[in-house]
Structure formats: C-alpha cells, structure tokens
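Tertiary structure, described
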Amino acid sequence: MIITLVMDQYGDTSNGTTTTAMRLAEIMRKHSHTVRIVTSVENVKEENVYVVPERNLPLLNNIVHAQGMKLAKPDKKILTDAIEGADIVHFFLPFGLSKAGKAIADKHHIATTAAFHVQPENITYTIKMNKVELVNVVIYKLFEQFYNKFSHIHCPSRMLKDILDGYGYKAEKHVISNGVSDFFVKTESVRPKEFEGQFLILMSGRFSREKRQDLIIEAVAGSKYADDIRLIFCGKGPWKNALIKKAESLGLKNKPVFKFCDWAQLRDTINYCDLYVHASDVEIEAISCMEAFACGLVPVISDSPMVATKQFALDEKNLFKKGNAEDLRNKIEYFIEHPDEKQEYSERYTEYAKNFRAEACVAEMEKMFETAIAENRAKWGDRVGVATERKHRG
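All values derive from a computational prediction rather than experimental measurement.

Here is what the cut-offs are and how they apply
Residues numbered from 1 in each chain as written. Predicted model: local features only at pLDDT ≥ 70, side-chain atom pairs only at ≥ 80, totals over all residues. Heavy atoms only, no water. Helix = DSSP H or I, 4+ residues; strand = E, 2+ residues; numbered from the N terminus. Rg over C-alpha atoms; globule rule 2.2 N^0.38 Å. Buried < 20%, exposed > 50% of the residue type's maximum accessible area, 1.4 Å probe, protein only. Contact = heavy atoms within 4.5 Å. Areas by Shrake-Rupley, 256 points an atom, 1.4 Å probe, with all protein chains shown as cover. Lys, Arg positive; Asp, Glu negative; His and termini not counted. Charge placed at Lys NZ, Arg CZ, Asp CG, Glu CD.

Tallying secondary structure elements over the chain gives 14 helices and 13 strands in all. Here the chain has a C-alpha radius of gyration of 22 Å; the compact-globule value for 394 residues is 21 Å, and the two agree. For the C-alpha atoms alone, the extent of the chain along its principal axes is close to 70 × 40 × 40 Å. Taking all 394 residues of the chain together, 56% fall into the buried category. Across the chain, every contact between residues at least 6 apart in sequence was considered, and the portion connecting residues at least 24 apart equals 69%. For the chain, the exposed surface amounts to about 17200 Å²; the carbon and sulfur share of it is 50%. Side chains of the chain give 55 positive and 54 negative charges; the mean places of these two sets differ by 6 Å.

Further remarks concern unusual backbone geometry. Phi is positive for Asn43, which is not a glycine, with a value near 65 degrees. Tracing the backbone shows Asn43 in the loop between β2 (34–39) and β3 (49–51). Unlike most non-glycine residues, His109 shows phi in positive territory, near 60 degrees. With respect to the helices, strands and loops of the structure, His109 is situated in the loop between α4 (96–107) and β5 (111–115).

That's the geometry; what it means functionally is another story.
See the structure below:
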C-alpha cells in the first residue's frame, strides 16, 4: 500500500498522538508499505515528508504550543502532491489540515480513514470550562461534522467507541489499541545516587489540568511515608509552575522532579522507579501507562468514567477513586508496605503487556485500511485516483 498520514505536528514527540503516528509509520514501512507524511514540523528525518506551514493563531498559539501541539495551515499543492497516487489517506486530527486533505482525497476518489485522538474534554479542561457539560457536547457535535464524512474511524479504546456511539457518530468504529513499542521492556537501569533509599513514583505525560498531577502531590504530602517518597514527572506543559507551587505549599521534603525525556531516557527512568500513578480525569488510552507496565512498573490508575486507562487495572488494587487523594494515598501505601506482592504484580503486568504490543495493533490497522480501500475500489472502479470537479463526501 501507499499510505499518506496527515498529522499536524508529526515529528514533535511531546504528545501521545504524535508518538502513535510515528510508531504507525515505522511499522508500516517495516511491513513494506510506502508511507508519506504531511506535517508542519520541519526537519523530520524520514522519507516522503511533505511540510506545510504552521498556522499562526495569535490569541491561541501559546495555549496550543503549551499542550505540545501545533496546528498546520493547509497548502493545497503540497497536500495534493502527498495524496495523489496513494491507496489510502489516514487523518489523525479533525482540524483544518485534515479537512482540506479529506476534500482533496475525495476529489481523487482515494480511500480515507480517520482516528479520534483528541477528546473535547482535553480542550475544556485547558480553558477551565470542563464543568460546563454543554461545551463538551457542542465540541463533540462540531467534531462529528468531520468524522461523519468517513466510513471507518479508529478508536483507541472501547470507552471512546461507546462515547461516539452515544453522540450518534455514523462511521464503523474500529477499536484498536495504539500499542506500545517493543523498545519498552524491563531492563537494567542504574538509579541516580540522589534517589537512593527513596520510593520513586512516576507519572509521564503532558503537564495539564486534566492529567491531575496535583492529586499525586496531595496524596504523597499526606502520606506517613512522605519523607521517603520522591515524585518524578516526565513531560512538559502549561501546568508545570502550578505543580511546583503546589508541592512547595504542601511542604514536600523531597522536591518533585520535572523533566522531559526522549525514549531512551524514559525507559531508563521507568526501570528505576517503584510505582506508576496515572491520575488523569480524561484519557482516551494513555500510552504512557502502557509503556510503564510493559517495563514491569506496577500502575495505580484513576477510575474516572472518562479514562479508558482503567481498563489496564488487573484488579481493584490498581485503581483509585477519581479525584480522591486519600484513596490514592492508601493504594500507594499498600504497595510500599507489600513489596513482595508488588513484585508479583510486576511480573503479571510484564506478561499482560504482550497483548498490547504495537506490531499486533498495527496489523489491525492494516486490516482497517484494506477494508476501506476495497470498499473504495468497489465504489469507483477504474476511476480511483482520477480527479473530477464533482464533490464527494465519502
């Protein structure tokens, strides 16, 4: 297959969606497919990369960039060059670049699919309107206008499929995990000397309000083991300074560590930590949690109804009540006090992770692409790839 991936910030690994896109491209190439990339990120060191300008939004740029995102400005010629001759075009985000690309693919009778990676709640938490449910509803409906132009949508979790079904999204929804790279495995890792004798708790991901790193700080500050615990937060985002201030105000003896890691640094960090906490109120799947337990790091996960990550809990000991610092504290203290049981969970999670390896997940994506291509060829026959002036909605 010739596959065109349209992703505004492909190449910028500060968010999970980009990581997913890059992993998909990598494995598709290993499977002998030709992959083309449309992105606004320059200097992506891969083949067949088509760079469009970044969209300049004076009032929103700081917010968008702080979330590890870039929005691309559509360029019709570049998009056409990337799309012409492809067997399928796959879109990751429901914004301007994808809308323009969808129109061009339809004009050329080329098969298309889309992925749902941005929950409206991610947006409303950022603008502090997450408690106004009507705003979430409106955004889901706005996104629906884009996604209803497709016959096939990739949903990274069953939870997301159920949500989209509830909002009346019409496309066939394929529940396929984003998968975790084979790079993330249990391996030897040297703990830095400054952390010796401490119980290290990790959470990786964007520093943003819906991720609830503040809850972890609150839980640890109230723990009887607070002086022995060190928090490590891997990522970047607009909430970092607020989290630093919260830790200071609660008097944590051991200041939390905030750092941005590449894959090698992250794997190393995971392997010398003692526990992983995923405190998010909103999450479609959470690759970061999967990367952690794939290395044998035991997770404690929020049971929020808007968090698909809770599907990875092997039992109740791996869950805590949404937004409840006391319950999270109790789960943390349980694993501190039962190291042998934690080791048993570690071994179980290492085995469990085999179900979510990226190779198997990408194979499922291939099946979705093949289905969409076959349906498109049945519809257009020898007119596939031929542009007309008629408008098609796919």
